[in-house]
Amino acid sequence: MAEQPAGTDEMGPGEVGGEQMLTSAPALTATCSGCQRWTPAEAALLAALPDPAEPLEDAAWCELEADHPGPHYGLGQISATTWWWLRWSSDPPRRELVDAGFCGQRPPPHGPGDCTLPAAHVGRHSYELDSTE
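Given the structure is predicted, the values throughout are model-derived calculations rather than measurements.

Under the defined criterion, the tally for this structure stands at three aromatic pairs. For the ring pair Y73 and W85, a centre distance of 6.4 Å and an interplane angle of 80° mean the geometry is edge-to-face. Of this pair, Y73 sits in strand β6 (residues 72–79) while W85 sits in strand β7 (residues 82–90), and the two are twelve residues apart along the sequence. Overall, the relative accessible area of 15% leaves Y73 in the buried class. Taking the relative accessible area as the measure of exposure, W85 reaches 0% and is therefore buried. Both rings, one in W83 and one in W85, keep their centres 6.4 Å apart while their planes meet at 15°; by these two values the pair is stacked.

Here we have three strands laid out as an open sheet, ordered β6-β7-β8, and antiparallel in their pairing. The open sheet has two edge strands, β6 and β8 (93–99), and neither has a second partner. Looking at each pair of strands side by side, their axes are set apart by 15° on average, direction ignored. Sheet analysis places β6 next to β7, joined by seven bridges and oriented antiparallel. Bridge pairing links S79 to T82 in β7. Relative to β8, helix α1 (residues 40–47) is tilted by about 5°, and along the sheet it contacts β6, β7 and β8.

Okay, the nonpolar core next. Residues Y73 and W85 are the most contacted members of the largest nonpolar core, which totals 19 residues. At the level of elements, β6 and β7 are the ones that each hand at least two residues to this core. Among the elements that make up this core, the one with the highest residue count is β7 (four residues).

Bringing the environment of D99 into the picture now. The residue D99 is located in strand β8 in this model. For the pair formed by D99 and R87, sequence separation is twelve residues and the distance between their alpha carbons is 9.8 Å. Within the local environment of D99, its side chain forms a polar contact with the backbone nitrogen of G101, the two atoms lying 3.3 Å apart.

This part takes up the pattern of salt bridges. Applying the stated rule across the entire model yields five salt bridges. With its nearest N and O atoms 2.6 Å apart, the salt bridge here joins E96 to R87. The partly exposed category is assigned to R87, whose relative accessible area is 26%. Take E96: its relative accessible area is 21%, and that puts it in the partly exposed class. Linked through salt bridges whose partners overlap, the residues forming this network are R87, R94 and E96.

Rules and cut-offs
- Residues numbered from 1 in each chain as written.
- Predicted model: local features only at pLDDT ≥ 70, side-chain atom pairs only at ≥ 80, totals over all residues.
- Heavy atoms only, no water.
- Phe/Tyr/Trp six-rings, centres within 6.5 Å; stacked < 30°, edge-to-face > 60°.
- Helix = DSSP H or I, 4+ residues; strand = E, 2+ residues; numbered from the N terminus.
- Buried < 20%, exposed > 50% of the residue type's maximum accessible area, 1.4 Å probe, protein only.
- Pairing = 2+ DSSP bridges.
- Axes fitted to C-alpha atoms, helices over the stretch in contact; angles between N-to-C directions.
- Contact = heavy atoms within 4.5 Å.
- Core = buried A, V, L, I, M, F, W, Y, C linked by side-chain atoms within 4.5 Å.
- Polar contact = N/O pair within 3.5 Å; in protein donor to acceptor, adjacent residues only side chain to side chain.
- Salt bridge = Lys/Arg side-chain N within 4 Å of Asp/Glu carboxyl O.

Structure (structure tokens):
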């Protein structure tokens, strides 16, 4: 049996081929708990869009990071290449459907999919958020 060259003893935990590996995923940040039910007019507009990506939910949940500044954003529908978001705030009271696109920021290599939050959003990217809470 051949001897191993110096420095190539058994690899330690978290190493592959002599390179350090991330052994656990970084902690995710909670998402905002803001929620708004669709008005009949909003629901009708979103339901009438051509080629919807998903069935329309009963309400829009804010998808931004918890305790974010500024207005809330909840995805309404993706139709063709248009991302329709409900943007709302309580101070001052305001609510509107907007084509805010999507961020598309790519995560580090071998990370989850691209960020699906609105373009120019505040706070962390969707792949850094825990929406299961």
